[in-house]
Amino acid sequence: MTVRTLFFCLFLLLGTLSKAVSKSESDLTIRRIEDEKTFVAITYEEHLKVGDRFSIHSDKTQEIIGLAELISTQISPAGYTENNFIVLKIFKDQIIFPGHRLKPLLLVTENSNYQGATLLMIRNTGENISSRYKPLYTQGFLVGDTAATLDQDEFLVNYLGQVYYGIYPRFTIGTTALVNAAGGLNFLGKYRIYSTNENTISTLVTFTRVPDSTQSNLNLTFLWDSFSNDTMITHNFLSLAVLAYDRAIETTAIKSFGSSSIQTGYEFILKSWDRILIGPNYNFEKKTIGGYLSYVAIWDRFNLNVSLNTVDIRADRFDLKDGYNMFLDVYWRY
């Protein structure tokens, strides 16, 4: 075999592979538009997973013009599979046509094409995705929880020794290890009662026995997250310290004890998926209006929360107890 013949054969082989790859890539295209929100794409051998998200690409420029989610599949009598998609978002007032291509949307790490929005937030999928695309489990040590729960078998740990674990998608348990190590006792359970694309409602029960103290406290908190618009979530919670027990005098009281509060806050989602948190709160015991302002920087596993907090907005000094204070919260979610 001559060198010329060898090169000719190699050229034919590369051409065949190129056509095969091209055909494989072009198989997943929009076949028909069902209505203003749904469309159908056809596959022959590939089986797609319901719930997976795809980016929609222009058939000419290949730019991303929108996002879609696979909602159902059915095999036709002809043997191919009809995949039904719902449109999640359209960019720059684009129009989707038959022939536009679909590509799997990979969210294990940062994806510059997947910009921050409430509609695009991934909630309780059980998949290994970057934490930047998930709802915040907590707004920080001094601000309080959200109504979100962790995925099943997901951990969240911060540098202050708080450890949370998702037993089920709706149920998360946790403890503060430093309190336990110091001779006290602390544990909590959060249960997600109700969840839709617009609202999430949860209840949180926290038990604490303070180190070097005979008193134990039980707090009951109701949490409600409302997805107000494309970039904002409203966080509401009512926390009641409903039970105080003193072992020294063997008495139990149903009362508000030290940490009851009501709070409404706002979470703004930036295009980078970082968050800005701001809101007021009312403390029942001190009868004061406080508030907070936080910036949350989020990576795939690492989260950094810098906040300015106060229990009384009328305070004119920096003081951890009665004035303004700065706080740094660092935690890992995996």
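A quick note: this is a predicted structure, and the numbers were derived from the prediction, not measured.

Peer 1: How would you summarise the confidence of the model for the chain if you had to cite specific residues and measurements?
Peer 2: Per-residue pLDDT for the chain has a mean of 84; in total, 87% of the residues score no lower than 70. Across residues 10-26, confidence stays below pLDDT 50; counting only partners more than four residues off in sequence or on other chains, it has one contact. The low-confidence segment residues 252-258 (pLDDT under 50) makes 20 contacts with residues lying over four places distant or belonging to another chain.

Peer 1: Tell me about the sheet that holds strand β2 (residues 38-43), residues and numbers included.
Peer 2: Taking strand neighbours across the sheet as the criterion, the six strands line up as β1-β2-β5-β4-β3-β6 in an open arrangement whose pairing is antiparallel. Looking along the sheet, the strands with just one partner apiece sit at the ends: β1 (30-33) and β6 (101-104). Direction aside, the axes of adjacent strands within the sheet are offset by 40° on average. Of the strand pairs in this sheet, strand β3 (residues 53-57) and strand β4 (residues 64-75) are connected by five bridges, and their pairing is antiparallel.

Peer 1: Any chance you could break down the packing of aromatic side chains for me, citing the residues and the numbers?
Peer 2: Scanning the model with the defined rule gives 13 aromatic pairs in all. Ring centres of Tyr114 and Tyr133 lie 5.3 Å apart, and the angle between their planes is 85°; on these two criteria the pair is classed as edge-to-face. With Tyr114 in the loop between β6 and β7 (155-158) and Tyr133 in the loop between β6 and β7, the pair connects residues that are 19 residues apart, well separated along the chain. Per residue, the accessibility class of Tyr114 equals that of Tyr133, and both read buried. Both rings, one in Phe155 and one in Tyr165, keep their centres 4.8 Å apart while their planes meet at 40°; by these two values the pair is tilted. Placement of the pair is Phe155 in strand β7 and Tyr165 in strand β8 (residues 162-168), with a sequence separation of ten residues. Three or more aromatic residues joined by ring pairs make a cluster, and in this case those are Phe39, Phe54 and Phe85. The aromatic ring of Phe227 is capped on one face by Arg123, whose charged end is 4.2 Å from the ring centroid. Against the face of Tyr137 rests Lys190, its NZ or CZ located 3.7 Å from the ring centre.

Peer 1: Could you give an account of the side chain of Thr200, naming the residues involved and the relevant values?
Peer 2: Looking at the element boundaries, Thr200 is found in strand β11 (residues 199-209). According to the relative accessible area criterion, Thr200 is buried, its value standing at 5%. When residues no more than four places from it in sequence are discounted, the contact partners of Thr200 are Arg123, Ala147, Arg192, Tyr194, Ser195, Leu223, Trp224, Asp225 and Phe227.

Peer 1: Summarise unusual backbone geometry; cite the residues concerned and give the values.
Peer 2: The backbone of Asp153 shows a phi angle near 65°, a positive value even though the residue is not glycine. Within the secondary structure layout, Asp153 lies in the loop between β6 and β7.

Peer 1: Requested: an account of the pairing of strand β10 (residues 185-195), with residues and values cited.
Peer 2: Bridge count between strand β9 (residues 171-176) and β10: four bridges; the pairing is antiparallel. Bridged to Thr172 within β10 is Lys190. Pairing analysis gives ten bridges linking β10 to β11, with the strands arranged antiparallel. Its bridge partner being in β11, Tyr194 is matched across the sheet by Ile201. Taking the residues that link successive antiparallel strands as the turn, the β10-β11 hairpin has three residues.

Peer 1: Report on the nonpolar core, specifying residues and quantitative values.
Peer 2: Core analysis: the largest hydrophobic core is formed by 17 residues, its most contacted members being Leu67, Leu107, Tyr114, Leu120, Tyr133 and Trp273. Excluding anything up to four places from it in sequence, Leu120 contacts Arg53, Leu67, Leu88, Lys89, Tyr114, Gln115 and Trp273. With 16 residues, the next largest nonpolar core counts Leu136, Leu156, Leu277 and Tyr292 among its residues.

Rules used throughout
Residues numbered from 1 in each chain as written. Predicted model: local features only at pLDDT ≥ 70, side-chain atom pairs only at ≥ 80, totals over all residues. Heavy atoms only, no water. pLDDT = per-residue confidence, 0-100. Contact = heavy atoms within 4.5 Å. Pairing = 2+ DSSP bridges. Helix = DSSP H or I, 4+ residues; strand = E, 2+ residues; numbered from the N terminus. Axes fitted to C-alpha atoms, helices over the stretch in contact; angles between N-to-C directions. Phe/Tyr/Trp six-rings, centres within 6.5 Å; stacked < 30°, edge-to-face > 60°. Buried < 20%, exposed > 50% of the residue type's maximum accessible area, 1.4 Å probe, protein only. Lys NZ or Arg CZ within 6 Å of the ring centre and 35° of its normal. Core = buried A, V, L, I, M, F, W, Y, C linked by side-chain atoms within 4.5 Å.

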